[in-house]
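Fold and contact review
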Amino acid sequence: MENPTQNINETKVELGQEKEAQEEEHSTAAKETIIDIPAACSSSSSNSSSYDTDCSTASSTCCTRQGEHIYMQREAIPATPLPEAEDLGLLKYVHRQHWPWFILVISIIEIAIFAYDRYTMPAQNFGFPVPIPSDSVLVYRPDRRLQVWRFFSYMFLHANWFHLGFNIVIQLFFGIPLEVMHGTARIGVIYMAGVFAGSLGTSVVDSEVFLVGASGGVYALLAAHLANITLNYAHMKSASTQLGSVVIFVSCDLGYALYTQYFDGGAFAKGPQVSYIAHLTGALAGLTIGFLVLKNFGHREYEQLIWWLALGVYCAFTVFAIVFNLINTVTAQLMEEQGEVITQHLLHDLGVS
């Protein structure tokens, strides 16, 4: 016979186990469920009536549905990568402005040397024409080509105040903007290349001409503006204005030079002649060297071809002019020596010596 007390205890145990099972199922249903969905789904689910938005953050949205907490993860929007510190530093360096030290210093030196020459010369009329100090150690002379510094130093001498003032004003007006943008070293190379090309071209074409003035360097700066506009037209605010000013100046200067040489019978015609070869070769050097050394703010495919073409033209001209001068100098020396030997033979045959 079964004990009633034992049956009651077993029934209580079964009821307790069923109650614990129900509590575990309820707690499991109440647990949080995490669902990863894309951003597009999260926006559509927020409009559904079965979800009540509880809270939101930058990366997830918390909704409730019948006691359940659903965290809908949003896709992170990729941020635009910022330039690295090195790239920012390089960009800042390329676009930084420079003080125009070269143009200012070279202008001061040219004025000072001209004033010194005027002060040391004997009293004379300061109008036109004015004699050029041909015996100066700075003037370019074809009979003293072996004194190499003369191919550069002639730029410090000028025929008169008008010649000096004209070159100074033009190189300040056109040189300072270039140097502010591209730096002292680049503009110095362009200016000196124009001066050197001016004397080299004159020595080849006008081999008996003495040369003074900084016009080769001035025209190199003018032509460098054309190179700068070609390279950086899209990045310049007033490229058309600069191009127009260069064209207007060159046209006026050329027209004035032609007028004084062929049509004016006054005092200007009696003054020193303008060396068109020095102007032309100086401009050619400024254009080619400008393509080589000036900053290029927007690289394009065809500009590499222009760079190599400019390098080839400048090197070919310079090498030809240097070889031509060396051959002429050696030939002149040999002829002079042979002339003395022939003279001595003639005097000996005549019985004079």
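Residues numbered from 1 in each chain as written. Predicted model: local features only at pLDDT ≥ 70, side-chain atom pairs only at ≥ 80, totals over all residues. Heavy atoms only, no water.

**Comments concerning the side chain of N160**
Relative to the elements of secondary structure, N160 occurs in the loop between α5 (150-153) and α6 (161-182). For N160, a relative accessible area of 6% puts it in the buried group. Of the polar contacts made by the side chain of N160, one reaches the backbone nitrogen of F162; its length is 3.3 Å. (Helix = DSSP H or I, 4+ residues; strand = E, 2+ residues; numbered from the N terminus. Buried < 20%, exposed > 50% of the residue type's maximum accessible area, 1.4 Å probe, protein only. Polar contact = N/O pair within 3.5 Å; in protein donor to acceptor, adjacent residues only side chain to side chain.)

**Quick look at the packing of aromatic side chains**
If you walk through the whole model with that rule in mind, you get 13 aromatic pairs. Look at F166 and F249: their rings are 5.6 Å apart centre to centre, the planes differ by 25°, and that puts the pair in the stacked class. Linking F166 in helix α6 with F249 in helix α9 (residues 239-262), this pair joins segments that are 83 residues apart in sequence. Overall, the relative accessible area of 11% leaves F249 in the buried class. Between F173 and F174, the aromatic rings sit 4.9 Å apart at their centres with planes inclined by 85°, giving edge-to-face as the arrangement. Taken together, the ring pairs in this structure connect F162, F166, F173, F174, Y219 and F249 into an aromatic cluster. (Phe/Tyr/Trp six-rings, centres within 6.5 Å; stacked < 30°, edge-to-face > 60°.)

**Describing helix α10 (residues 276-293)**
Compared with the 26 Å implied by 1.5 Å per residue over 18 residues, the 25 Å span of α10 between its first and last C-alpha is a close match. Listing the buried residues of α10 in full gives A278, H279, T281, G282, A283, A285, G286, T288, I289, G290, F291 and L292. (Expected span 1.5 Å × (residues − 1).)

**What about the UniProt feature "active site" (unreviewed entry) in the protein chain?**
With numbering matched to this structure, UniProt assigns "active site" (unreviewed entry) to S215 and H279. Sequence-wise these annotated residues cover 65 residues; spatially they are packed, their C-alpha atoms never more than 6.1 Å apart. Mapped onto the fold, S215 is located in helix α8 (residues 215-232). With sequence-adjacent residues up to four places away left out, S215 is seen in contact with H163, N167 and H279. (UniProt positions renumbered as here; feature names shortened; annotations may be inferred. Contact = heavy atoms within 4.5 Å.)

**Focus on the packing of helix α7 (residues 184-205) against α8**
A pair of packed helices is captured by two measures, namely the crossing angle of their axes and the spacing between those axes. The N-to-C vectors of α7 and α8 enclose an angle of 125°; their axes lie 7 Å apart at closest approach. As judged from the angle between their axes, α7 and α8 are oblique. In the crossing of α7 with α8, the sense of the turn from one axis to the other is right-handed. Note on element contacts: α8 touches α7 through G216, G217, V218, A220, L221 and A224, opposite I187, I190, Y191, G194 and V195. When the residues that make up the contact of α7 with α8 are grouped by side-chain class, the tally is eight nonpolar, three polar and no charged. (Axes fitted to C-alpha atoms, helices over the stretch in contact; angles between N-to-C directions. Parallel < 35°, antiparallel > 145°, perpendicular 65-115°, else oblique. Left-handed = near helix turned anticlockwise from the far one by under 90°. Nonpolar A, V, L, I, M, F, W, Y, C, P; charged D, E, K, R; others polar.)

**Re a nonpolar patch on the surface**
A grouping of W99, W101, V105 and I109 is seen on the molecular surface, where their side chains present a nonpolar patch of about 470 Å² in accessible area. Here W101 lies in helix α4 (residues 101-120). (Patch = residues over 30% accessible without salt bridge, like charges linked within 9 Å, V, L, I, M, F, W, Y side chains within 5 Å. Areas by Shrake-Rupley, 256 points an atom, 1.4 Å probe, with all protein chains shown as cover. Salt bridge = Lys/Arg side-chain N within 4 Å of Asp/Glu carboxyl O.)

**Focus: the pattern of salt bridges**
In the structure shown here, the tally under the stated rule is one salt bridge. Ionic pairing is found between D143 and R141, a salt bridge with its closest N-O pair at 2.9 Å. With a relative accessible area of 52%, D143 lands in the exposed category. Overall, the relative accessible area of 13% leaves R141 in the buried class.

**A closer look at the nonpolar core**
The nonpolar side chains of soluble globular proteins are, as a tendency, buried together. Within the largest apolar cluster, 33 residues are counted, with the highest numbers of intra-cluster contacts made by M155, I187, I190 and Y191. Breaking this core down by element, the ones donating at least two residues are α4, α7, α8, α10 and α11 (301-349). When residues of this core are assigned to their parent elements, the largest contribution, eight residues, is made by α7. Among all residues touching I190, those that are not within four sequence positions of it are A220, A224, G286, I289, G290, V293 and L294. With nine residues, the next largest nonpolar core counts V218, L222, A223 and A283 among its residues. (Core = buried A, V, L, I, M, F, W, Y, C linked by side-chain atoms within 4.5 Å.)

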